[in-house]
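# Examination of the molecular architecture
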Amino acid sequence: MATTNITGIKGFNDILPDEVGKWQLVESVVRRILSAFGFHEIRIPILEKTELFARGIGETTDIVEKEMYTFEDRNRQLVTLRPEATASVVRAFIEHGLHLRPTVRKLYTIGPMFRHERPQKGRYRQFHQINVEAFGIEAPMIDAEVIYALVTFLEELHVADVEVHLNSLGCPRCRPPFRQRLEEFLAGVDHLLCDDCKRRRLTNPLRVMDCKVSHCREVLAGAPRMLDFLGDDCREHFQAVQDHLTDLQVSFTLDPSMVRGLDYYTRTAFEVLARHLGAQNAVGGGGRYDGLMKAMGGPDLPGVGFAIGMERLIMLLGEAFHRPSYGSLCFLACLGAEARRRGFRLLQEMRRNQVPAEMDYEEGSLKAQLRKADRMEATHVVILGEEELARGKAILRSMETKVQEDIPLDAIVERLTALLPTPPTQEPGRPAKTKLLWEI
Ligand code: AMP
């Protein structure tokens, strides 16, 4: 029978071991920074009922209209692979009554999202986001704070050449007059718009402002601006957001054409654009969504948040990020059956004590084992032969200095721990050193 290779699905990427270091770095920096900013991690499912997104994102958005992975499960329930996280976080927040616990109103989550878009550089069908949401605070300080957290995060990762674009989308009170003027304007220029815009003009006119087609952009340059329609409250709020950002020395550009893709945004909207990314240049974006929680059946709590696209962020790390060497590695070269058995135990002890270690699981000559140690870029080699075993010792050799020392077998782990730098991250609540095998 002929066999063909099964390949991955278009737009769904593998993240190979060479790349994973960057992902881990991003995740650990984001966790550190967000926890300093008072955000708690929440993990939400990948699959939700379709109606959650239809209601939470908006029926007439691109995402809901054409991009969702929706199917019937075996119980004929309509389910969707999440295209974004906010609707799910809000659902979980309401479902578990988190508003009753004032300490968990600032949440973040990291994970894959799914959108059936046309794949291209920086745009995939499965991609990953870091999502940050702060509920229950109306004050403009929190808008500035989430933007500041995002900027701090990019700075920590040495991602330069990014611009914060800022707009206000007003609120349900000041948007209708704007919408009406926009509809009138769009009706007048309909013949100049692309087919998508012609359709959106009737279903969701605000989205027309977001069109990236260049001749639409030219036409839209003359469109009315939401900023000119803000009511007093919204204008003051927006001004205060800008003042706080200025105080925090975050530079930003006012961008009246930026409307963001989702229906639920109110007031502050922002995007972080990177000059180096080409067509798909938005690294992250977010804004305020004061009516969403209530619209989804929860308490009337305002919200503000953002999403960062991890693939795009990692593309930006490229130059700034030097692949860390695999760090220290101890290679155990064992000769003879007895030494190999003892060495295998020693290998596991090293690992339990945070000393990265490897050995050759197949019997081989010392020369072959040392060649392997070299290929693996081992920083240290422990040589354990029958003779060393009889003396209860092993030879520890530094591959850098070539210096060798005789060390008692039961002191090797301690010696290596002292020689090797401590691993950068310690899992919370774990002691730095675990017990040796014979102590257990
Ligand atoms: P959005 O939820 O559309 O505002 O997206 C937030 C961020 O997620 C964007 O700024 C991108 O960095 C990233 N993103 C959105 N869609 C995709 C996609 N199809 N592929 C890769 N990244 C994406």
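Everything numeric here is computed off the predicted structure, so don't read it as measured data.

### Overview of the overall build of the protein
- In terms of regular secondary structure, the protein is built from 16 helices and 16 strands.
- Radius of gyration (C-alpha) of the protein: 28 Å, far over the 22 Å computed for a compact globule of 440 residues.
- Considering only C-alpha atoms, the protein reaches an extent of 90 × 60 × 45 Å along its principal axes.
- Residues counted as buried form 50% of the 440 residues belonging to the protein.
- Expressed as a percentage of contacts within the protein between residues at least 6 apart in sequence, the contacts between residues at least 24 apart total 68%.
- On the protein, roughly 22900 Å² of surface is accessible, and the fraction owed to carbon and sulfur atoms is 52%.
- Of the charged side chains in the protein, 58 are positive and 62 negative, and the gap between their average positions amounts to 3 Å.

### With respect to the environment of Ala-221
- Looking at the secondary structure, you find Ala-221 in the loop between α9 (214–220) and α10 (232–247).
- Among the residues examined, Ala-221 registers a relative accessible area of 68% and is labelled exposed.
- Separated by 12 residues in the primary sequence, Ala-221 and Met-209 place their C-alpha atoms 9.2 Å from one another.

### With respect to the side chain of Arg-312
- Within the secondary structure, Arg-312 is located in helix α12 (residues 310–320).
- Notably, Arg-312 is buried but unbridged: the nearest opposite-charge side chain belongs to Glu-117, and the N-O separation is 5.9 Å.
- With residues near it in sequence (within four places) discarded, Arg-312 still touches Gly-122, Arg-123, Leu-277, Gln-280 and Ala-282.

### Quick notes on the nonpolar core
- One finds Val-26, Ile-130, Ile-147, Phe-153 and Leu-313 to be the most contacted residues of the largest nonpolar core, which totals 98 residues.
- The element contributing the most residues to this core is helix α5 (residues 140–156), with nine residues.
- Judged by nonpolar contacts, the second largest core, of 20 residues, contains Cys-330, Val-382, Leu-384 and Ala-394.

### Considerations on helix α16 (residues 412–419)
- Every buried residue of α16 is listed here: Ile-412, Val-413 and Leu-416. Projection of α16 onto a plane perpendicular to its axis shows the buried side chains occupying an angular sector of 95°, all on one side. Those residues of α16 that are exposed and aimed more than 90 degrees away from the buried face are Glu-414 and Ala-418.
- For α16, the elements touching its buried residues are β12 (330–334), α13 (337–352), β14 (380–384), β15 (393–398) and β16 (404–408).

### Some details on the packing of α5 against α10
- Close contact between α5 and α10 brings their axes to 8 Å; oriented N to C, the two are set at 45°. Accordingly, the angle class assigned to the pair α5 and α10 is oblique. Crossing handedness for the pair α5 and α10: right-handed. Contact with α5, carried on its side by Pro-140, Met-141, Asp-143, Ala-144 and Ile-147, involves His-237, Ala-240, Val-241, His-244 and Leu-245 of α10 and no other residues of that element.
- Residues that form the contact of α5 with α10 fall into these classes: seven nonpolar, two polar and one charged.

### Quick look at the packing of helix α1 (residues 17–36) against α5
- At a closest axis distance of 10 Å, the pairing of α1 and α5 adopts a crossing angle of 140°. Between α1 and α5, the crossing angle belongs to the class labelled oblique. As for how α1 packs across α5, the hand of that crossing is right-handed. Contacts between α1 and α5 involve Val-26, Val-29, Val-30, Arg-32, Ile-33 and Leu-34 on the former and, on the latter, Ala-149, Thr-152, Phe-153 and Glu-156.
- A breakdown of the residues in the contact of α1 with α5 according to their chemical character gives seven nonpolar, one polar and two charged.

### Remarks on the site of the ligand
- Arg-115, Glu-117, Tyr-124, Arg-260 and Val-283 are the nearest of the 14 residues found near the ligand.
- A distance of 2.9 Å separates an oxygen atom of the ligand from a polar backbone atom of Ala-282.
- Considering the ligand on its own, with 480 Å² of exposed area, one finds that the protein chains cover 90% of that surface.
- Of all elements in the fold, only β6 (126–135), β10 (282–288) and β11 (303–309) reach the threshold of two or more residues within the shell around the ligand.

### Some details on the pattern of salt bridges
- One pass over the structure, following the stated rule, counts 31 salt bridges.
- Put simply, Arg-43 and Glu-41 hold a salt bridge, and the shortest N to O gap is 2.9 Å.
- What makes Arg-43 exposed here is its relative accessible area of 66%.
- Note that Lys-372 and Asp-360 form a salt bridge whose closest N and O atoms lie 3.3 Å from each other. Of the two residues, Lys-372 sits in helix α14 (residues 366–375) while Asp-360 sits in the loop between β13 (357–359) and α14, which places them 12 residues apart along the sequence.
- Judged by its relative accessible area of 10%, Asp-360 is buried.
- Taken together, the shared-partner salt bridges in this structure form one network comprising Asp-62, Glu-65, Lys-66, Asp-196, Arg-199, Arg-200 and Arg-207.

### A closer look at unusual backbone geometry
- In this structure, His-158 is a non-glycine residue whose phi angle is positive, near 60°.
- With respect to the helices and strands, His-158 occurs in the loop between α5 and β7 (162–168).
- Classification of His-158 by relative accessible area gives exposed; the value is 59%.

Thresholds, definitions, all that
- Residues numbered from 1 in each chain as written.
- Predicted model: local features only at pLDDT ≥ 70, side-chain atom pairs only at ≥ 80, totals over all residues.
- Heavy atoms only, no water.
- Helix = DSSP H or I, 4+ residues; strand = E, 2+ residues; numbered from the N terminus.
- Rg over C-alpha atoms; globule rule 2.2 N^0.38 Å.
- Buried < 20%, exposed > 50% of the residue type's maximum accessible area, 1.4 Å probe, protein only.
- Contact = heavy atoms within 4.5 Å.
- Areas by Shrake-Rupley, 256 points an atom, 1.4 Å probe, with all protein chains shown as cover.
- Lys, Arg positive; Asp, Glu negative; His and termini not counted.
- Charge placed at Lys NZ, Arg CZ, Asp CG, Glu CD.
- Salt bridge = Lys/Arg side-chain N within 4 Å of Asp/Glu carboxyl O.
- Core = buried A, V, L, I, M, F, W, Y, C linked by side-chain atoms within 4.5 Å.
- Arc of directions from axis to C-beta.
- Axes fitted to C-alpha atoms, helices over the stretch in contact; angles between N-to-C directions.
- Parallel < 35°, antiparallel > 145°, perpendicular 65-115°, else oblique.
- Left-handed = near helix turned anticlockwise from the far one by under 90°.
- Nonpolar A, V, L, I, M, F, W, Y, C, P; charged D, E, K, R; others polar.
- Near = heavy atom within 4 Å.
- Polar contact = N/O pair within 3.5 Å; in protein donor to acceptor, adjacent residues only side chain to side chain.

None of this, on its own, says anything about what the molecule does.
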